Amino acid sequence: MRVDAKDMGADLKQVLITKEEIDAKLAELAAKIDAEYTGKDLLIVGVLKGAVMVMADLARALSTPLTMDWMAVSSYGAGTQSSGVVRILKDLDTDIKGRHVLIVEDIIDSGLTLSWLITNLGSREPASLKVCTLLRKPDAAKVAIDVEWVGFDIPNEFVVGYGLDYAEKYRNLPFVGTLAPHVYGG
Ligand SMILES: O=P(O)(O)OC[C@H]1O[C@H](OP(=O)(O)OP(=O)(O)O)[C@H](O)[C@@H]1O
Ligand SMILES: Nc1nc2[nH]cnc2c(=O)[nH]1
Ligand SMILES: [Mg+2]
């Protein structure tokens, strides 16, 4: 296993998606998103903190002129299960009424975060509201969500890296992987 991030190798069980696979997938998604928003005024909304890496890399892969805003919500705390209670930690700076809004997420797990976000942002009357996520766990869905652009469907296992944390660690891994049981105290 090649692990770029120093000192984190012993905590990993498996690399699921490599940096190269992520880069290729984002280029593919960006081409489709560019086609959708040609001639439109696009606002991409990143969901902090998990989506920082996807936002940074997807934004650079897009050629559509765009603006960026951020929303911070949290439903997981330090655990590996969604509490189902979504809290706004930081709201948008932008009024999205009449704007073409693309929500950018790192992962859809139970779907509770995104479902809540779609209702919340949808009530602000954007011209359109669509979603792009790097990862999705089809077997974990508690609510059905229409997602226009999905990078990878993955098994129902807790993953870290490329923005995704466990207790705030591992976000800076350049790939997506799973953690060894000892990290969870197993
Ligand atoms: O589909 P769900 O079960 O709702 O899970 C997905 C959400 O959980 C994670 O965020 P988290 O709330 O852990 O905060 P973070 O982005 O700051 O890590 C992830 O970044 C998604 O936003
Ligand atoms: N780090 C991490 N955060 C999540 N939030 C929802 N699902 C996950 C996951 O698999 N990993
Ligand atoms: Mg998140």
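Scoring rules and cut-offs
- Residues numbered from 1 in each chain as written.
- Chains lettered and ligands numbered in written order.
- Predicted model: local features only at pLDDT ≥ 70, side-chain atom pairs only at ≥ 80, totals over all residues.
- Heavy atoms only, no water.
- Helix = DSSP H or I, 4+ residues; strand = E, 2+ residues; numbered from the N terminus.
- Buried < 20%, exposed > 50% of the residue type's maximum accessible area, 1.4 Å probe, protein only.
- Contact = heavy atoms within 4.5 Å.
- Phe/Tyr/Trp six-rings, centres within 6.5 Å; stacked < 30°, edge-to-face > 60°.
- Lys NZ or Arg CZ within 6 Å of the ring centre and 35° of its normal.
- Axes fitted to C-alpha atoms, helices over the stretch in contact; angles between N-to-C directions.
- Parallel < 35°, antiparallel > 145°, perpendicular 65-115°, else oblique.
- Left-handed = near helix turned anticlockwise from the far one by under 90°.
- Nonpolar A, V, L, I, M, F, W, Y, C, P; charged D, E, K, R; others polar.
- Pairing = 2+ DSSP bridges.

Caption draft 1: Local environment of the side chain of R99. Structurally, the position occupied by R99 is in the loop between β4 (87-90) and β5 (100-108). Overall, R99 belongs to the buried group, its relative accessible area being 15%. Beyond its immediate stretch of four places on either side in the chain, R99 contacts D41, L42, L43, T67, T94, P126, A127 and S128.

Caption draft 2: Molecular detail of the packing of aromatic side chains. For the structure on display, the rule yields 4 aromatic pairs. For the pair Y166 and Y184, a centre-to-centre distance of 4.9 Å together with 70° between the ring planes defines the contact as edge-to-face. On the criterion of sequence distance, the pair formed by Y166 in the loop between β8 (159-160) and β9 (176-179) and Y184 in the segment after β9 is long-range, its members being 18 residues apart. Just above the ring of F152 sits the side chain of K25; from NZ or CZ to the centre is 5.1 Å.

Caption draft 3: Summary view of the packing of helix α1 (residues 19-36) against helix α2 (residues 52-61). Direction vectors running N to C along α1 and α2 enclose 60°, while the axes themselves pass 9 Å from each other. With respect to α2, the axis of α1 lies oblique. α1 and α2 meet at a crossing whose hand is right-handed. For the pair α1 and α2, contact is made by L26, A30, I33 and D34 and by V54, D57, L58 and A61, respectively. Among the residues forming the contact of α1 with α2, the class breakdown is 6 nonpolar, no polar and 2 charged.

Caption draft 4: Region of interest: the sheet that holds β5. Pairing in this open sheet of 6 strands is mixed, and the strands run β4-β3-β2-β5-β6-β7 from one edge to the other. The open sheet has two edge strands, β4 and β7 (149-153), and neither has a second partner. Taking each pair of neighbouring strands and ignoring which way they run, the sheet shows an average axis angle of 30°. Where strand β2 (residues 42-48) meets β5, 5 bridges bridge the pair, whose relative direction is parallel. The residue of β5 that forms the bridge with L42 is H100. Seen against the sheet, α1 touches β5, β6 (128-136) and β7 and runs at an angle of roughly 160° to β7. Across the sheet, helix α3 (residues 112-122) is in contact with β2, β3 (66-74), β4, β5 and β6; its angle to β5 comes to roughly 165°.

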